[in-house]
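# Coordinate analysis (summary)
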Amino acid sequence: MSEPTGAPIQLGVNIDHIATIRAARGTRYPEPIQAALVAEQAGADAITLHLREDRRHIQDRDVHLLKGILQTRMNLEMAATPEMVEIACAVRPSDCCLVPERREELTTEGGLDVAGHIDMLKEQTARLTDAGVRVSLFIDAEAVQLEAAAEIGAPVVEIHTGRYADARSLAARAEELRRIAEAVARGQALGLQVNAGHGLDYPTVEAIAALPGVRELNIGHAIVARALFSGLEGAVAEMKRLMVQAALLGQHART
Ligand SMILES: CC(=O)[C@@H](O)[C@H](O)COP(=O)(O)O
Ligand SMILES: NCC(=O)COP(=O)(O)O
């Protein structure tokens, strides 16, 4: 049976670590705004930025400036706190991805425990939705979290791919890929848009992009790292090429 041909897979370029380099010296460069425009020109379908409670990289001014400049979509990542929900309702990005946050963490460590915070997240989701923001929940590849996301009315989930990306053996990576594939299928069956992200790199992205039903990948650290040696435009273009090619080959193999 031929698979319904949906929209081509999309790439959200996360510019956090452009801002990390800026924060290293407290300078005005590199400018995340410039990075966002270069990434869009190179094929990014959205710009993702994580306004953390500790402002370790992305700053409030980045969010406000980009809102009026981006040609594609803003995907604002944030903790589900009153402060951040207020900022998001004022800025009104196209998308808002609610992520767990701990000040001590080096980077995001796991998915949001939606099932354990139904009432609070239902309220935050409703407030953001009423402000015209599409809500995504960053969750682990677990059925209980997918069902909770559907229950609170979030239209989008982003499956945490960190354990897949960081797997130390092919067997472990294959097991994580299986879990993610199951989660994508379950999310689709629940009527959710299913995105994925965290830790994806050039060698690991294709297997995720080839999964049927994955709509968008959010990738940042690996792109910024590659950009140091081959430029941001080329790093974005190559990631987008790998993803689209893998998705098309995966679709063709299933028909
Ligand atoms: C939620 C996620 O996996 C990333 O998008 C997040 O932005 C990681 O945080 P840092 O960018 O601060 O590492
Ligand atoms: N939500 C994942 C994201 O935006 C980018 O994560 P990473 O590629 O920087 O690990």
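What you are looking at is a predicted structure, and each value in this text was computed from that prediction instead of being measured. (Residues numbered from 1 in each chain as written. Chains lettered and ligands numbered in written order. Predicted model: local features only at pLDDT ≥ 70, side-chain atom pairs only at ≥ 80, totals over all residues. Heavy atoms only, no water.)

Now for helix H1 (residues 16-25). Looking only at H1, the buried set comprises Asp16, Ile18, Ala19 and Arg22. An end-on view of H1 places all buried positions within 155° of arc, on one side of the element. Turned more than 90 degrees away from the buried face of H1, the exposed residues are Ala24 and Arg25. Lining the buried residues of H1 we find strand E1 (10-14), helix H2 (32-41), strand E2 (46-50), helix H3 (60-67) and helix H10 (221-230). Of the residues one or two after H1, Gly26 is the one with positive phi, at around 70°. (Buried < 20%, exposed > 50% of the residue type's maximum accessible area, 1.4 Å probe, protein only. Helix = DSSP H or I, 4+ residues; strand = E, 2+ residues; numbered from the N terminus. Arc of directions from axis to C-beta. Contact = heavy atoms within 4.5 Å.)

Looking now at the pattern of salt bridges. Pairing between side chains of opposite charge can happen when their charged atoms approach one another. Summed over the entire model, instances satisfying the criterion amount to 20 salt bridges. Residue Glu182 pairs with Arg178 through a salt bridge whose shortest N-O separation is 2.6 Å. Taken together, the positions of Glu182 and Arg178, both in helix H8 (residues 170-189) and 4 residues apart, correspond to about one turn of that helix. Sharing partners across several salt bridges, the network here consists of Arg22, Glu31, Arg61 and Asp62. (Salt bridge = Lys/Arg side-chain N within 4 Å of Asp/Glu carboxyl O.)

All right, on to the packing of aromatic side chains then. Scanning all chains against the criterion turns up 0 aromatic pairs. Over the face of the ring belonging to Tyr164 we find Arg173, whose NZ or CZ atom lies 5.5 Å from the ring centre. We note Arg226 situated over the ring of Tyr202; from NZ or CZ to the ring centre the distance is 3.7 Å. (Phe/Tyr/Trp six-rings, centres within 6.5 Å; stacked < 30°, edge-to-face > 60°. Lys NZ or Arg CZ within 6 Å of the ring centre and 35° of its normal.)

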